[in-house]
Amino acid sequence: MLGIIGGSGLTELANLDVARREVVRSAWGEASGPVSVGRIRNQDIAFLPRHGHGHTIPPHRVNYRANIDALRSVGVTWIVSVASVGGIGGAMAPGVLVVPDQIIDYTWGRESSYQNGTQEKVIHIDFTHPYDSGVRSAILTAAAAQGEPVIDGAVYATTQGPRLETAAEIIRLERDGADIVGMTGMPEAALARELEIPYAALCVVANWAAGKGNSAHAVNFDHIEAVLQQAMSRARHIIEQVCSA
Ligand code: HPA
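Described in the following lines is the structure provided in the data block. Along each chain, residues carry numbers from 1 onward, in the same order as the chain's sequence is written. Per-residue local features of the predicted model are confined to residues with pLDDT of at least 70, and side-chain atom pairs are confined, for both listing and counting, to 80 or more; whole-chain, interface and lining totals are unaffected and use all residues. Calculation of side-chain values draws on the structure's entire complement of heavy atoms; hydrogens and water are dropped beforehand.

## Describing the overall build of the protein chain
Put simply, DSSP marks the helices as runs of H or I at least four residues long and the strands as runs of E at least two long, and each gets a number from the N terminus on. Assigned secondary structure in the protein chain consists of five helices and 11 strands. The globule rule is 2.2 Å times the number of residues to the power 0.38, and the radius of gyration it is compared with is taken over C-alpha atoms. On C-alpha atoms alone, the protein chain measures out to a radius of gyration of 17 Å, which is about the 18 Å that the 2.2 N^0.38 rule sets for 245 residues. Of all 245 residues assigned to the protein chain, the portion counted as buried reaches 51%. A sequence separation of at least 24 residues applies to 81% of the contacts in the protein chain between residues at least 6 apart. Note on areas: Shrake-Rupley with a 1.4 Å probe; residue coverage comes only from the protein chains shown. Here the protein chain displays about 11000 Å² of accessible surface, and carbon together with sulfur accounts for 50% of that area. We count Lys and Arg on the positive side and Asp and Glu on the negative side, and we leave His and both chain ends out. Taken as the charge centre is NZ of Lys, CZ of Arg, CG of Asp or CD of Glu, depending on the residue. In the protein chain, 19 side chains carry a positive charge and 25 a negative one; their mean positions are 2 Å apart. When a residue's accessible area, from a 1.4 Å probe over protein chains only, is under 20% of the maximum for its type it is buried; when over 50% it is exposed; and in between it is partly exposed. In what follows, residue pairs with any heavy atoms lying within 4.5 Å of each other are defined as contacts.

See the structure below:
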C-alpha cells in the first residue's frame, strides 16, 4: 500500500475514496491525526496530513515517529512525501516541482530515531542516499506521463523552523550545497529508512528563500499562498498518476 504524507497546501486528496479513517495507537505517541485509508484509481492508499487535518501542528512539533509508525501499521509499504520548500539555487523558482536526491539536516531537538536505547543492539542505518531510487523513479515517471516538468535531483536543507531563515543562513546553506530549504524533510526520511519503508519526496517551491529573488527584503506570505495552490494542484496530478502506475 502506498502512503502519502501531505504537507502545507496538501491536507486532503480529493480523488481519494476514503474507506475508513484509522486512529492508530502507536508506542511513539500520537500521529498528526487519523490515517485516511482508501483507493485512488487502482491503488490502495493511506493518507496522512503531516501538520494535522486543520494544519495546527508546526514542523518542530510533528510527531514524525508516530506518523511513520502509523503508516506502517495500516500496511504501508512505500511512501511519497509532499512538502513545500523555499528555493535557494537559481533554477528553484516559486512554482517549480523538485524531486530531491540529497538531504542536509540542520534540525535539532526532534525525536529522530526509533532506537531509544531499549533495543538489544544499536543499528546504524545506511543513509548515503536518503531517498529510495525506486520511489523517486515512480514520481519522475508519473510527472513525465502527466507532462509536468520536475527537477530531478536537489539537496534539501532541513531547518528547524517554524520561523523562516535569515538571509545569512540561506547564504550558508547555499555554500553548504543546498538547493532548497524546508522544515519537515528530517527526521521523516531517516525514520522511514529505519523501518525499511522505501521513501521519497516531491517538493513544491513556494517562495524564494530569504534574501533570494523577490525575497531580497522579506518573504511575502501573500505570494506563497497563491503559488502553493497552483503548484500543489500540479503535484496532486502527479500523485494521482503515481497511483495509477
Ligand atoms: N524556508 C523553510 N521552509 C520553507 C520555506 C522557506 O523559505 N518555504 C516553504 N517552506
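## Considering the site of the ligand
Around the ligand, the neighbouring residues are S84, V85, G86, L164, E165, V181, G182, M183 and N207. Separating a nitrogen atom of the ligand from a backbone N or O atom of S84 is a distance of 3.4 Å. What qualifies as a polar contact is a pair of N or O atoms within 3.5 Å, subject to a donor-acceptor requirement within protein and to the restriction that residues adjacent in sequence count only when both atoms come from side chains. Contact distances for the ligand include 2.8 Å between a nitrogen atom and a side-chain N or O atom of E165. Considered on its own, the ligand offers 260 Å² of accessible surface; in the complex 91% of this is hidden by protein. When contributions to the shell around the ligand are tallied by element, the ones reaching two or more residues are β5 (78-87) and β10 (180-182). The dominant element in the shell around the ligand, judged by the number of residues it contributes, is β5, at three residues. For this purpose, a residue is taken to be near a molecule or strand whenever a single non-hydrogen atom of the residue falls within 4 Å of it.

## With respect to the pairing of strand β1 (residues 2-6)
Where burial is concerned, most of β1 is hidden: five out of the five residues are buried. Residues L2, I4 and G6 point to one face of β1 and G3 and I5 to the other, with burial holding for every one of them. Summarising the sheet, β1 and strand β4 (residues 43-49) pair through five bridges and their orientation is parallel. Opposite G3, over in β4, you have A46 as the bridge partner. By the convention used here, strands pair only if DSSP detects at least 2 bridges between them. Note that β1 and β5 share four bridges and pair parallel. Across the sheet, the residue bridging to L2 is W78, located in β5.

## Some remarks on the packing of helix α2 (residues 133-146) against helix α5 (residues 221-244)
Interaxial angle, 0 to 180 degrees, is taken between N-to-C directions of lines fitted to C-alpha atoms, where a helix line uses only the stretch in contact. Relative orientation of the contacting elements α2 and α5 amounts to 110 degrees, with a least axis distance of 8 Å. It follows from the interaxial angle that α2 and α5 lie roughly perpendicular. Crossing angle aside, the handedness with which α2 passes α5 is right-handed. Contacts between α2 and α5 involve A138, I139, A142, A143, A145 and Q146 on the former and, on the latter, H237, I238, Q241 and V242. Taken together, the residues of the contact of α2 with α5 break down into seven nonpolar, three polar and no charged. What sets the label is the angle itself: under 35 degrees gives roughly parallel, over 145 gives roughly antiparallel, 65 to 115 gives roughly perpendicular, and the rest give oblique. With the far helix as reference, a near helix turned anticlockwise by less than a right angle produces a left-handed crossing, and one turned clockwise produces a right-handed crossing. Each residue is assigned to one of three groups, with Ala, Val, Leu, Ile, Met, Phe, Trp, Tyr, Cys and Pro labelled nonpolar, Asp, Glu, Lys and Arg labelled charged, and all others, Gly among them, labelled polar.

## Some words on the pattern of salt bridges
Salt bridges, as used here, are contacts in which a Lys or Arg side-chain nitrogen is within 4 Å of a carboxyl oxygen on Asp or Glu. Across all of its chains, the model carries nine salt bridges by this definition. The salt bridge partner of D152 is R136, with a shortest N-O separation of 2.7 Å. Residue D152 is found in strand β8 (residues 151-152), and its partner R136 is found in helix α2; the two are separated by 16 residues along the sequence. Given the relative accessible area of 52%, D152 is considered exposed. For K212, the salt bridge goes to E174, with nearest N and O atoms at 2.7 Å. In this pair, K212 is assigned in the loop between β11 (199-208) and α5 and E174 in helix α3 (residues 167-176), connecting sequence segments 38 residues apart.

## Notes on the packing of aromatic side chains
The aromatic pairing rule takes the rings of Phe, Tyr and Trp, using the six-membered ring of Trp, and pairs them if the centres are within 6.5 Å, calling planes under 30 degrees apart stacked, those over 60 edge-to-face and the rest tilted. What the rule picks out here adds up to two aromatic pairs. Between W28 and Y114, the aromatic rings sit 5.1 Å apart at their centres with planes inclined by 70 degrees, giving edge-to-face as the arrangement. With W28 in the loop between β2 (17-22) and β3 (35-40) and Y114 in the loop between β7 (102-105) and α2, this pair connects stretches of sequence that are 86 residues apart.

## A look at the side chain of T107
Residue placement: T107 occurs in the loop between β7 and α2. T107 gets classed as buried once you look at its relative accessible area, which sits at 18%. Engagement of the side chain of T107 in a polar contact is seen with the side chain of D105, the distance being 2.6 Å. The contacts of T107, once residues within four sequence positions are left out, are T158, T159, Q160 and M186.

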